[in-house]
Every structure is written in C-alpha cells, then in structure tokens.
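# Results of the structural survey
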Amino acid sequence: MAEQRCAVVAVLGAPNAGKSTLVNTLVGAKVAAVTQKVQTTRALVRGIAMHDEVQLILIDTPGVFAPKRRLDRAMVAAAWSALEGADAVIHVVDAAAHTAENPKGADALAVSDAAAISAKLKEMNLASILVLNKVDLVPRPALLALTTKLVEEGLYTDVFMISARTGDGVDDITRVLAERAPEGPWLFPEDQTMDAPARVLAAEITREKAMLRLHDEIPYDMIVETESWEERKDGSAKIDQTIYVARESQRKIAIGAGGKTIKIIGEAARKEMEAAFDRRIHLFLHVKVRENWSEERALYQRLGLDYEA
C-alpha cells in the first residue's frame, strides 16, 4: 500500500478572482460561498480533496485588498495568516480583468490588488503557483502576453491556465499538488469534504443565496447565523436561521413585499442544503436588525478572525 501523503494548500488572490470556485471544483463539493460580489468569503474555509493516497487541504481565503473597515482588516489578516505552515501557495489571478482594454472599476481594482499580492509574496521570498483563471474569456494572444509578463517576475514555480467555473485545467493543478505533497498522515477522514460544522455551512449557503438575490441593495451589511438545528426522527433536520442586517430599511428589502423575497431566498437555500447534506431540510428564516454587528468582538471569534487586526 502506498504511503499516505498530505499537503496544506493556501489559495490566495484578489477579491472575485475565483478562489472559492476553484476550491469547490478541486474538492468536488460545495464548501465555500460563491457570488459575483467581491468579499463573499469572510473567514478561512478549508476544503478537503482526495487524490489516490494523497489528501489535499485547501484553504480558501478572503480576498486580499486595501482594507478600510475593521472587518476588512480582519479578513485580509486572515488571508495572509493562511500561508503560515502551508506546503504550497496558489495565487489566483483574474486573467479577464488583466487583459481588459483600459480596465476600470472592479477590473482595475483586481489588477492593482493582484500586483500588491505579488509584491508581498516577493518580499516574503515565498515561491507560489500562479493560476490564471477565467481564461475562457480571454483571447489567446492576450493570454500569452499576460503569462509572459507575470512569469518574468520570477516569483512563480508553475503556471496553470484554467476556468474554475467549467473545471477546464483544474485536474492538472490537483495532479501537481498531489505529486509534491509530503509524506504524512491524513488530517481528516477520507470522506470528509470540509472542516466546518454543518450549521456553519448551512449559514454560508443562506448568505450566498441572500447576496445573490439582493445584489446591490444590501452590499455587505448582512450576516447569517444558524440559531438551532433539530434532528427529526424521520432523518430530516429542522434549521432555524436569522439573517441580520444593519438597518430597518434593509430588513424590509430582505423580506420583500408580502414576504416574497425571503421566501425565494429560503427555497434556494433549502434546495442546496438538501443536496449538500443528502437529507430533507425544513428551513425557517427570520430577518432582524442588528446595528453595528461588524463591530462585535464575539462575531469575530465565531468567524475565527482577529478583532484587533
């Protein structure tokens, strides 16, 4: 029998580069929330992938950007902390943003944030694996020019061109990570796909659906907590969750006319939970106002973030 091997892999990148989508694809299961919004990931999420006798522990990190608020600073600090003790570092870069003509807005931020990450990795003398994501959206000549430019920085040991959304090219990353994994015992059971409790994943699923539904109306002033999880005799589970928002006007938006919006969010979340937990779910959602929730020390402890970062 082959020796067990295990590698801890930190996945770093600018907001919306596709880190969570990549981790979900590598794991083959939903372990991290994914939306078109930046800063969807708030804390370290560990997905677990198996490749023959190799266990890969993939740490999905919050996007690295120039922080302004306390929560922003804690998220960025958590991302860099993931590099401590990692056997490999993946830097995910949004290729589409980097090859856009005259990048503006989110594209321009993606380029500047990625450059800042590269500079810090170089300062730390930390070699990493470059993953150019969203290559299906980029013309080949532009992609090759971008690759040449980034490789010339002398920072990256490998370059992969992928589409995390379609899975194209992702198997090559798994193969290389597995080949280089050091010998050592697995840290988790073979059939486990993430290290967070089910109630945490359930909260993340609902937060993702709420963010997708509410778009720009409630940008980041929202958090979801699983208040109770009751096991039923028939094998199903009853889950009570509260969506906390910062203002009364946001509560009304989240509920919607006649409760229509919260019903749509709940239905989408319930379906994904049933697929994730392979059981029937009875989901009950509530929306409450909780002003300044992002300044609560206890919240940072629950998310595994440093309040003083």
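Attention here is on the structure that accompanies the text. Predicted model, so just to flag it, every value in this text is computed and none were measured. (Residues numbered from 1 in each chain as written. Predicted model: local features only at pLDDT ≥ 70, side-chain atom pairs only at ≥ 80, totals over all residues. Heavy atoms only, no water.)

### Focus: the packing of helix H7 (residues 198-214) against helix H9 (residues 260-277)
We count it as follows: To define axes, lines are fitted to C-alpha atoms, for helices over the stretch in contact only, and angles between the resulting N-to-C directions are given on a 0 to 180 degree scale. By the criteria applied, helices consist of DSSP H or I runs no shorter than four residues and strands consist of E runs no shorter than two, each listed in order from the N terminus. Angle categories are assigned with fixed cut-offs, so that under 35 degrees is roughly parallel, over 145 is roughly antiparallel, 65 to 115 is roughly perpendicular, and the rest are oblique. Crossing handedness is defined as follows: a turn of the near helix away from the far one that is anticlockwise and smaller than a right angle gives a left-handed crossing, while the clockwise case is right-handed. Whether two residues are in contact is decided by their heavy atoms, any of which lying within 4.5 Å being enough. Three classes are used, and their members are as follows: Ala, Val, Leu, Ile, Met, Phe, Trp, Tyr, Cys and Pro are nonpolar, Asp, Glu, Lys and Arg are charged, and the others, Gly among them, are polar.
At their nearest, the axes of H7 and H9 sit 9 Å apart, and the two run at 140° to each other. On the basis of the axis angle, H7 is oblique to H9. As for the relative orientation of H7 and H9, their crossing is right-handed in sense. Contacts between H7 and H9 pair Ala198, Leu201, Ala202, Ile205, Thr206, Glu208, Lys209, Ala210, Arg213 and Leu214 from the former with Thr261, Ile264, Ile265, Ala268, Ala269, Glu272, Met273, Ala276 and Phe277 from the latter. Grouping the constituent residues of the contact of H7 with H9 by class yields 13 nonpolar, 2 polar and 4 charged.

### A closer look at helix H1 (residues 19-27)
To keep it simple, the criterion reads: Remark: exposure states derive from per-residue accessible area (1.4 Å probe, protein chains only) relative to the maximum for the residue type, with buried under 20%, exposed over 50%, and partly exposed in between.
Burial analysis of H1 places 7 of its 9 residues in the buried class, the great majority of the element. Within the span of H1, buried status applies to Lys19, Ser20, Leu22, Val23, Asn24, Leu26 and Val27. Where H1 is buried, its residues touch strand E1 (5-13), strand E2 (45-51), strand E3 (54-60), strand E4 (88-94), strand E5 (128-133) and helix H6 (170-180). The first or second residue beyond H1 is Gly28, which carries a positive phi of 85°.

### Quick word on the sheet that holds E4
Across a sheet, strands are paired by hydrogen bonds formed along the backbone, either parallel or antiparallel in direction. The test is simple: DSSP-based pairing: two strands are paired if at least 2 bridges between them are found.
Judged by pairing direction, the sheet is mixed, and its 6 strands sit side by side in the order E2-E3-E1-E4-E5-E6 without closing on themselves. Strand pairing shows two members of the sheet lacking a second neighbour, E2 and strand E6 (156-161), which therefore form its edges. Sheet twist, expressed as the average angle between the axes of neighbouring strands with direction ignored, equals 25°. Inspection of the sheet shows E2 paired to E3 by 7 bridges, in the antiparallel sense. Its bridge partner lying in E3, Val45 is registered against Asp60.

### Considerations on the environment of Gln4
Rules: Two N or O atoms form a polar contact when they lie within 3.5 Å of each other; inside protein one atom must be a possible hydrogen donor and the other a possible acceptor, and for residues adjacent in sequence the pair counts only when both atoms belong to side chains.
By secondary structure assignment, the location of Gln4 is in the segment before E1. Gln4 sits in the partly exposed class, given a relative accessible area of 26%. The contacts of Gln4, once residues within four sequence positions are left out, are Glu53, Glu183, Gly184, Pro185 and Trp186. Among the polar contacts made by the side chain of Gln4, one reaches the main-chain amide nitrogen of Trp186 at a distance of 3.3 Å.

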